[in-house]
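Listed here are the chains, written in short residue letters.
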Amino acid sequence: MSLRIKLVFGIVGIAFLVSGATGSYFYFQAKAGLYKSLRQELQATATIAAKLVDGDKLQTLQSPEQMQTDKYKNIQKLMGKIAQSNAEFLYAYTMRQQKDKVRFVVDSPASDDNNNGVIEEMEQPAEINEVYSNPPKSLLQGFVTPSSDPRPWKGKWGWTISGYAPIYNSQGESVGLLGIDMSADRVDKKLYTIRRAGLVSLILSVLLAISLTVYFSGQFVTPLKELEKAVARVGKGDYSVDVQYKKKDEIGRVFEYFNRMLQGLREKELLKKSLGKMVHSDVVEHMLDNRLSLGGD
């Protein structure tokens, strides 16, 4: 493998690793920041919305038959307005905790969430006292203090991230919670934008690294190739080589030393040819090797 190719692969590899590591770091930092921002938004919205719910009326809703009453419909209408207050919200709902069970009280109104023109069973509101199985710790915490899911999780309605806040009655007692769901698909869209920007940055970094490598390798490898050809010719006995390199850098000094060596070889070759006409070749070699000494040689 030639030196130029080694340089290209080496520098591009380093650029890829550095850009990839840097991009990954900023991606995970951005991801953590995005989740933190979403959690704060959900938590703050749930806290404000929970104050709009009449806790005393919510306490009186105990059976599915009450879903046709004005009291239920008014709270459900409020849940619909809360869910529609932000394009990224899916549902708003209220729950209560009875012993070790979490149960729905007032759910969001029925809606065509998948936009297929039909309100399916999954899109119908949960009935009063319908059990919500396997609630996350963040939801249970929401009965006591405002909270939010640390990460999206998969429930009955798909992947969501939610915020919760307690609902109080007129005596200041917690009688339930208000929850707001956001689709994790919308979170993924935000992360996709970040990933795409990181990928574009990585590609640009690699392309720039390739361009710079080709340029600098040309500045470095091309004169070395010329020197390589010159050395090969000298090795075959051709001392008429003439190599020039005008830049005063490390490569320039190598060319200077080579030219000095080549000049010395030319002088020795000239002396060898001149003296060879008068004395034996062994004597010439003896003289050129500086092995002369006083005493009659």
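Sequence order as written defines the numbering, with residues in each chain counted from 1. Per-residue local features of the predicted model are confined to residues with pLDDT of at least 70, and side-chain atom pairs are confined, for both listing and counting, to 80 or more; whole-chain, interface and lining totals are unaffected and use all residues. Calculation of side-chain values draws on the structure's entire complement of heavy atoms; hydrogens and water are dropped beforehand.

Looking now at the overall build of the chain. A count of helical and extended segments in the chain gives seven helices and six strands. When the helices and strands of the chain are placed in sequence order, the string is α-α-α-β-β-α-β-β-β-β-α-α-α. Buried residues are those whose accessible area, probed at 1.4 Å on protein chains only, stays under 20% of the maximum for their type, while exposed residues exceed 50% and partly exposed ones sit between those limits. Among the 297 residues that make up the chain, the fraction classed as buried is 32%. Across the chain, contacts joining residues at least 24 apart in sequence account for 61% of those joining residues at least 6 apart. Numbering of helices and strands runs from the N terminus, with a helix taken as a DSSP run of H or I at least four residues long and a strand as a DSSP run of E at least two residues long. Contacts were defined at the residue level, with two residues in contact if any of their heavy atoms lie within 4.5 Å.

Any pair of Phe, Tyr and Trp rings, taking the six-membered ring for Trp, is counted once the centres come within 6.5 Å. Such a pair is stacked with planes under 30 degrees apart, edge-to-face with planes over 60 apart, and tilted for the rest. Overall, the coordinates contain two aromatic pairs when judged by the stated rule. Considering the side-chain rings of Tyr 93 and Phe 104, the 6.1 Å spacing of their centres and the 70° angle between planes classify their relative orientation as edge-to-face. Here the residue Tyr 93 occupies a position in strand E1 (residues 89–98), and Phe 104 occupies one in strand E2 (residues 101–104), the gap between them amounting to 11 residues. With respect to class, Tyr 93 is no different from Phe 104; both count as buried. The structure contains a cluster of three or more aromatic residues connected by ring pairs, namely Tyr 93, Phe 104 and Tyr 132.

With that settled, the discussion passes to the pattern of salt bridges. Salt bridge criterion: a side-chain nitrogen from Lys or Arg within 4 Å of a carboxyl oxygen from Asp or Glu. Inspection of every chain in the model, using the stated rule, returns one salt bridge. Arg 260 is paired through a salt bridge with Glu 256; the nearest N and O atoms lie 2.6 Å apart. Residue Arg 260 and its partner Glu 256 are both found in helix H6 (residues 250–275); the two are separated by four residues, about one turn of the helix. For Arg 260, a relative accessible area of 54% puts it in the exposed group.

All right, on to helix H3 (residues 70–84) then. With 15 residues, H3 should reach 21 Å at 1.5 Å per residue; the first-to-last C-alpha distance of 21 Å fits that figure. Where H3 is concerned, the buried positions are Tyr 72, Ile 75, Gln 76, Leu 78, Met 79, Gly 80, Ile 82 and Ala 83. An expected span of 1.5 Å times one less than the residue number is assigned to each helix.

Residue position: Ser 148 is located in strand E3 (residues 147–148). Judged by relative accessible area, which is 4%, Ser 148 ranks as buried. A polar contact is formed between the side chain of Ser 148 and the side chain of Arg 39, at a distance of 3.0 Å. Two N or O atoms count as a polar contact when they lie within 3.5 Å, although within protein this holds only if one can serve as hydrogen donor and the other as acceptor, and sequence-adjacent residues are included solely when both atoms are side-chain atoms. Separated by 3.4 Å, the side chains of Ser 148 and Gln 43 make a polar contact. Setting aside residues no more than four positions away along its own chain, Ser 148 makes contact with Arg 39, Gln 43, Ser 138, Ser 162, Gly 163 and Tyr 164.

Met 79, Ile 82, Val 106, Leu 178 and Ile 180 are the most contacted members of the largest nonpolar core, which totals 31 residues. For this core, the elements supplying multiple residues, two or more each, are helix H1 (3–50), H3, E1, strand E5 (158–168) and strand E6 (174–183). Among the elements that take part in this core, H1 stands out by supplying eight residues, more than any other. Side-chain atoms within 4.5 Å are what join buried Ala, Val, Leu, Ile, Met, Phe, Trp, Tyr and Cys residues into a set we call a nonpolar core. Ranked by size, the runner-up nonpolar core spans 12 residues in total, among them Met 95, Phe 104, Phe 143 and Tyr 164.

Within the patch definition used here, like charges are joined within 9 Å and nonpolar side chains (Val, Leu, Ile, Met, Phe, Trp, Tyr) within 5 Å, considering only residues with over 30% relative accessible area and no salt bridge. In these tables, accessible area is a Shrake-Rupley quantity obtained with a 1.4 Å probe, and a residue counts as shielded only by the protein chains included in the view. Taken together, Leu 199, Val 200, Ile 203, Leu 204, Leu 207, Ile 210 and Val 214 make up a surface patch of nonpolar side chains, about 610 Å² in accessible area. Structurally, Leu 204 is set in helix H5 (residues 184–235).

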